[in-house]
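# Chain and residue survey
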Amino acid sequence: MTKVISFFMAVIAFFSNLFSGWFNMKPYFSNDYTIPGSTVPYTRIDTAPKTDWNAKFIWDSSDGSEENVWMCLRKSADIAQVPAELKAYISADSRYWLYINGQTAVFEGSAKRGPAPGDGYYDCVDIAPYLKPGKNIICALVWYWGKDTSFSNTDSGRAGFIFEAGDIISDSSWKACRHPAYLKDNGASQPNYRLPEYNIYYDAAKEPGNWLSADFDDSKWEAASEKGTGGCTPWGKLYSRGIPMLKDYGLKNYENSAQYEGLTVIAPKSFTLDIPYNAQCTPYLKVEAKAGKKIRIFTENTWLGAVNDTYITKDGEQEFEALGWFNGEHITYEIPAGVKILELKYRETGYNTEFSGLFECGSKELNTLWQKSLRTLYVTMRDNFMDCPDRERAQWWGDVTNEMAMMMYSLDSNAYLLYQKGVASMLGHIESGTDILQTVVPSTDNFFELPVQQLAGICGFLTYYMYTGDKEFLASVYDAAVNYVNLWKIEDNNLVEHRPGSWDWLDWGNFADVAAIENAWYYYALSCIKDMAGALGRSSGGIESKMSRIKAGYEKFWTGKGYKSGSAISPDDRANALAVISGLADKDKYEAVTSVLTGTFNASPYMEFYVLEALCRMDKYDEARSRMLKRYGTMIKEDYSTLWEGWTKADGTSNHAWSGGPLVIMSKYFAGIRPLKAGYEEYIIKPRISQPDTVKCVVPSVKGYIKVTETKTDDKFTLDAALPADAGAVICVPYASGQSVKLNGTVIYQNGSFTAAPGVTFTGESGGFAVFSVSPQAGAALRFEAE
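This write-up is about the structure you can find in this document. Because the structure is a prediction, the values reported are computed rather than measured. Position labels on residues start from 1 in each chain and follow its written sequence. Since the coordinates come from a predicted model, pLDDT governs what is reported: local features require at least 70, and pairs of side-chain atoms require 80 or more to be given and counted, while whole-chain, interface and lining totals use all residues. Hydrogen atoms and water are omitted, and side-chain values are computed over all heavy atoms in the structure.

## Focus on the overall build of the protein chain
Runs of E in the DSSP output that reach at least two residues are strands. Runs of H or I that reach at least four are helices, and both are numbered from the N terminus. Across its full length, the protein chain holds 13 helices and 36 strands. In this description the radius of gyration comes from C-alpha coordinates, and the expected globular size is given by 2.2 Å times residues to the power 0.38. Since a compact globule built from 787 residues should have a radius of gyration of about 28 Å, the 28 Å found for the protein chain is in line with a globular shape. Burial analysis of the protein chain (787 residues in total) assigns 61% to the buried set. A separation threshold of at least 6 residues defines the contact pool for the protein chain, and within that pool the share at least 24 residues apart is 77%. Here the positive residues are Lys and Arg and the negative ones are Asp and Glu; neither His nor the chain ends is included. Here the site of a charge means atom NZ of a Lys, CZ of an Arg, CG of an Asp or CD of a Glu. In the protein chain, which carries 77 positive and 95 negative side-chain charges, the distance between the mean positions of the two groups comes to 1 Å. Exposed residues in this analysis have more than 50% of their type's maximum accessible area, buried residues have under 20%, and partly exposed residues fall in between, with area computed by a 1.4 Å probe over protein chains only. The contact rule is simple, with two residues in contact once any of their heavy atoms fall within 4.5 Å.

As structure tokens, this is what we get:
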């Protein structure tokens, strides 16, 4: 009965959250952050495995096949002199927490497995700060999942832990003991089948004592059993994780923690604690109770299949932190009678990157949407880019492609490593003889190919190159991209044969025009491969011939009122948007396509990004803004910090980063900042402000920050720009006939006449702009005024 009641409490919490926003809307949201003083230098991940292991994988004497086991491992090591640095190479199937001399050295280590099928990752951690001369106690708490079905992890089939720091290595000199307090949760509310993680179920009365302390007696523990040297099966090759260790923000009070401190619960009650934003976190409690009191902890996302926790008290004062993370804004503690609450806290952890971009304007709605997009992006980053942090935690490649574009305008370059890691994993999962790019990697469920998401991913390869200038990356993906598009067959009608893949999916939205969408994606991928070939100095082979055929075939879809295949009832917004972005639609068709994109609303939030992009490419910025506010209006007003999977809150998860495309649109097109040459060797600043307003934008480019303040009044436009020192810019100043343009207070353009200025060249008037080419010699701080 208790299990059933707990399950329904989770259901009630879900629906309470679902409908709460209808009655309690706080329409404006902003993340609280300070942009760092400088950008982070661009780096690449190491894609070579470590091959010189001396350490052994260890566990207890069992064969390590049992699922959901927590293992305690201890080692006493004598050190005569502590070195300035001591790198420890560590890996586990599946997670570990490392403690040295009672201090936490690693909070949740080991990235989910899957650089290639059967392989894993290792961490590299400097443990010198935790060591002392003499006796040192090194402890590892290791959690083995063991699920053979997962959308984000490839299980080896055997638990194991490996540690190598100079002469200190994991071997039979370590002691091992299964942690007796971690039990199996057989309750009704279980995690979604896509997750490799389990619920946590902890009985404090069964604790082994303070096994992290130096004076703990581990003489009754067994000697660790050696299972094989690093690099052996079943754990496979071990690659550097490539991404930073998690960022630990420390234990924090909830927004309403204080009102419950010191409270003794008289009757069973649920206490919902609030976090300022949707965060990845581990819940903490400190209580006083008799033994056997069961406390459940869950979030508003539990109903969707997120993990949840159960803690059973021991006698007296006690504290506990559930180490398996979940996410949410509202954490519910279901506490029975007789428990005195001393403290309720949470520990936020997340991907180690800094919020480094900004967009602000006079519209609080747009500002909120940009900030919610950023928060949604961050909560879907950890071991990998995720579709959502609750139900799946899976690296769907359509989602990743959108997330990658978002990070370019909002996060430091540590975030780029997560994309590189994902791409390396995708390449590592190409099955021999197939050339198929898998859409969900790593995954142990089905052989997953969503063809249009893979085509979008190929386009994303070129996007990544344009923003980073990383030609080595481009070379690493080029052949795989070519091989994949060559799997597609072009039929006699000059259109592709429909490719269903493992899941015949185009978008969650309505009335998808399959042929028009699929062929536009294919043409777009071909176009990007052509540009990739040019950047690499390679022949594009038959790519241009394929493009010509698709172009000819696609023209048959033109109706005069937009593109539409024979099976579609009317022109679809997604198909017509892709026709613009891919280059299939010539400019003489833009007005008709604009009518489609301003009057048809089939796209899901995933594909809405591309619809908005197409409007901007057609110079329909006001229409893009209007559509953005119309489609995202409910999400903007909702009292929640992240964006939904669908257009209604009940339609999927409440934190899907594929919905964050407006972040890119605002910075890239409304503020007008984007690279013209790869790696921002040259970039453009072209503001698109039609009404009086002030727009502030910061872009953390690989060349450094690009910071602008763009102010339009009825009779004047001012553009203040702080620019990187070693890149060229094209600056477009909104300009009307009869105005003059000043640079730093001096007139440089008037009545068709340009007065030379250091590092600045006038290139002409174009579409209501006076266009200037600006070299670094112009200086880092520039003010253009047109009046």
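Once you've had a look at it, read on.
## Some words on the packing of helix α6 (residues 471-485) against helix α7 (residues 514-536)
In this analysis an axis means a line fitted to C-alpha atoms, helices contributing only their contacting stretch, and an angle means the value between N-to-C directions, from 0 to 180 degrees. Their axes nearest at 10 Å, the elements α6 and α7 cross at an angle of 140 degrees. Here α7 runs oblique to α6, going by the angle between their axes. The two elements α6 and α7 cross, and the hand of that crossing is left-handed. Facing α6, whose interface residues are K471, L474, A475, V477, Y478, A481, V482 and V485, α7 presents Y522, A525, L526, I529, M532, A533, A535 and L536. Polarity classes work like this: nonpolar for Ala, Val, Leu, Ile, Met, Phe, Trp, Tyr, Cys and Pro, charged for Asp, Glu, Lys and Arg, and polar for all others, with Gly in that last group. Here the residues of the contact of α6 with α7 are counted per class, giving 15 nonpolar, no polar and 1 charged. For this classification, under 35 degrees means roughly parallel, over 145 means roughly antiparallel, 65 to 115 means roughly perpendicular, and everything else is oblique. With the far helix as reference, a near helix turned anticlockwise by less than a right angle produces a left-handed crossing, and one turned clockwise produces a right-handed crossing.

## Quick notes on the environment of G457
The topology assignment puts G457 in helix α5 (residues 451-468). Counting along the chain gives 267 residues from G457 to Q190, while the straight-line C-alpha distance between them is 33 Å. If sequence neighbours within four positions are ignored, G457 has contacts with W397, T401 and Y419.

## What about the sheet that holds strand β3 (residues 69-79)?
Pairing between two strands requires that DSSP report at least two bridges joining them. Reading across the sheet, the 6 strands line up as β6-β5-β8-β3-β11-β14 and stay open at both edges, with antiparallel pairing between neighbours. With partners counted over all chains shown, the strands left at the sheet margins are β6 (103-109) and β14 (222-223), one partner each. Note that strand β5 (residues 95-100) and strand β8 (residues 134-144) share 6 bridges and pair antiparallel. Following the sheet pairing, L98 is matched in β8 by A140.

## Digging into unusual backbone geometry
With an omega of 5 degrees, the peptide bond between T233 and P234 qualifies as cis. One can find P234 in the loop between β15 (225-229) and β16 (238-240). The step from V441 to P442 runs through a cis peptide bond, and the omega angle for that step is -10 degrees. The phi angle at E108 is positive, at roughly 60 degrees, despite the residue not being glycine. One can find E108 in strand β6. Here E108 falls in the buried class, since its relative accessible area comes to 5%. With phi around 60 degrees, R393 is a residue other than glycine that occupies positive phi space. Mapped onto the elements of the fold, R393 is located in the loop between α2 (364-379) and α3 (397-407). With a relative accessible area of 1%, R393 lands in the buried category.

## Observations regarding the pairing of strand β9 (residues 160-165)
The buried count for β9 comes to 6 of 6 residues, which makes it a mostly enclosed element. Residue alternation in β9 divides its side chains into two sets, G160, I162 and E164 and F161, F163 and A165, and both sets are buried. Alignment of strand β4 (residues 87-93) against β9, held across 5 bridges, turns out to be antiparallel. The residue bridging I90 from the neighbouring strand is F163, located in β9. Across 2 bridges, β9 lies against strand β10 (residues 168-169) in antiparallel orientation. Looking at the pairing, E164 lines up with I169 of β10. Following β9, the chain reverses through 2 residues before pairing antiparallel with β10; G166 in that reversal takes a positive phi of roughly 60 degrees.

## Observations concerning the packing of aromatic side chains
Pairing of aromatic rings covers Phe, Tyr and Trp, the last through its six-membered ring, and needs centres within 6.5 Å; plane angles under 30 degrees mean stacked, over 60 mean edge-to-face, and all others mean tilted. Here the structure, examined in full by the defined rule, presents 61 aromatic pairs. Residues Y89 and Y122 carry aromatic rings whose centres are separated by 5.8 Å and whose planes lie at 65 degrees to one another, so their mutual orientation is edge-to-face. One end of the pair, Y89, is in strand β4; the other, Y122, is in strand β7 (residues 120-126), with 33 residues separating them in the sequence. With relative accessibility at 9%, the residue Y122 sits in the buried group. Here, a charge over a ring means that NZ of Lys or CZ of Arg falls within 6 Å of the ring centre while also lying within 35 degrees of the ring normal. Sitting above the plane of the F151 ring, R194 keeps its charged end 5.7 Å from the centroid.

## Let's talk about the sheet that holds strand β27 (residues 693-701)
On the basis of which strands lie adjacent, the open sheet formed by 8 strands has the order β24-β27-β28-β29-β36-β31-β32-β33 and antiparallel pairing. Whereas interior strands pair on both sides, the edge strands pair on one side only; in this sheet they are β24 (358-360) and β33 (753-754). Across 6 bridges, the pairing between strand β28 (residues 704-712) and strand β29 (residues 717-722) is antiparallel. Counterpart to V708 in the pairing with β29 is A721.

## A look at the packing of helix α11 (residues 605-617) against helix α12 (residues 621-637)
Direction vectors running N to C along α11 and α12 enclose 160 degrees, while the axes themselves pass 8 Å from each other. As far as their axial angle goes, α12 and α11 are roughly antiparallel. Of the two elements, α11 crosses α12, and the hand of that crossing is left-handed. For the pair formed by α11 and α12, the contact residues are P605, E608, V611, L612, L615 and C616 on the first element and Y621, E623, A624, R627, M628, R631, Y632 and M635 on the second. Along the lines of polarity and charge, the residues of the contact of α11 with α12 split into 10 nonpolar, no polar and 4 charged.

## A word on the nonpolar core
For the purposes of this section, nonpolar cores are sets of buried Ala, Val, Leu, Ile, Met, Phe, Trp, Tyr and Cys residues that join through side-chain atoms within 4.5 Å. Among the nonpolar cores identified, the biggest contains 159 residues, and M407, Y419, F461, W521, F670 and F784 are the most heavily contacted of them. Among the elements that line this core, the one with the most residues is α7, at 14 residues. Apart from residues no more than four positions distant in its own chain, F670 is found in contact with F359, L366, C616, Y621, A624, R625, M628, I665, P687, R688, I689 and E710. C281, I297, F320 and L344 belong to the second largest nonpolar core, which has 49 residues in total.

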